[in-house]
Amino acid sequence: MPPSEYSLRLQKGIVGGFAPPTPDAIHTITKASGNPSLIVASAIRPEGTRNLQDAAPKSLSAGDHDVLIDELHKILKELPTEQPPGSEDIYGLNTSIAWGSDDLEWRNGGPAGCGGGQSFVQPTQEQKEKFKRAVEIIQGLTSK
């Protein structure tokens, strides 16, 4: 079973150069305790534009997606994050996930602006595949 209350955020576009990164998409999924629904919000930057455009929020039945959320939660519990935070996109997907619940606070990132460097924590190939699966789960839920 996934936690009764959680919030997660997926951001596509986390690696900056001289300037901070320009996100291509930001998706959030929120589940409040006692609420039978997942609230899904997305903002997507159309190609060739500078700004994200909000899509209308939607609601999904939490019970219908418990198996996927539980899988995601278990994956994130096992994955490392870059150290120091924001040093490197260690998963190489230009994507970050932030998860918050009573039992887990997890977030990966990448260099923003002039920052960066190399993380002294590097994932295994298996961990990279698990992160890719986590991204697929979130993208699947936000596209419903």
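See above for the structure.
Residues numbered from 1 in each chain as written. Predicted model: local features only at pLDDT ≥ 70, side-chain atom pairs only at ≥ 80, totals over all residues. Heavy atoms only, no water.

(A) Broad picture of the side chain of S42. Counting through the fold element by element, S42 comes out in strand β3 (residues 37-44). The class of S42 is buried, set by a relative accessible area of 10%. A distance of 2.6 Å separates the side chain of S42 from the side chain of H27, its partner in a polar contact. The residues touching S42, leaving out its near neighbours within four places in the chain, are I26, H27, Q53, D54, A55 and T142. (Helix = DSSP H or I, 4+ residues; strand = E, 2+ residues; numbered from the N terminus. Buried < 20%, exposed > 50% of the residue type's maximum accessible area, 1.4 Å probe, protein only. Polar contact = N/O pair within 3.5 Å; in protein donor to acceptor, adjacent residues only side chain to side chain. Contact = heavy atoms within 4.5 Å.)

(B) Highlighting the nonpolar core. Ranked by internal contacts, the top residues of the largest apolar core, which has 25 residues, are L72, L76, I97, W99 and W106. At the level of elements, β1 (6-12), β3, α1 (66-78), β6 (95-101), β7 (104-107) and α2 (125-142) are the ones that each hand at least two residues to this core. Element by element, the count of residues in this core is highest for α2, at 6 residues. Leave out the neighbours within four places in its chain, and I97 touches R9, L10, L76, W106, R107, N108, F131, A134, V135 and I138. (Core = buried A, V, L, I, M, F, W, Y, C linked by side-chain atoms within 4.5 Å.)

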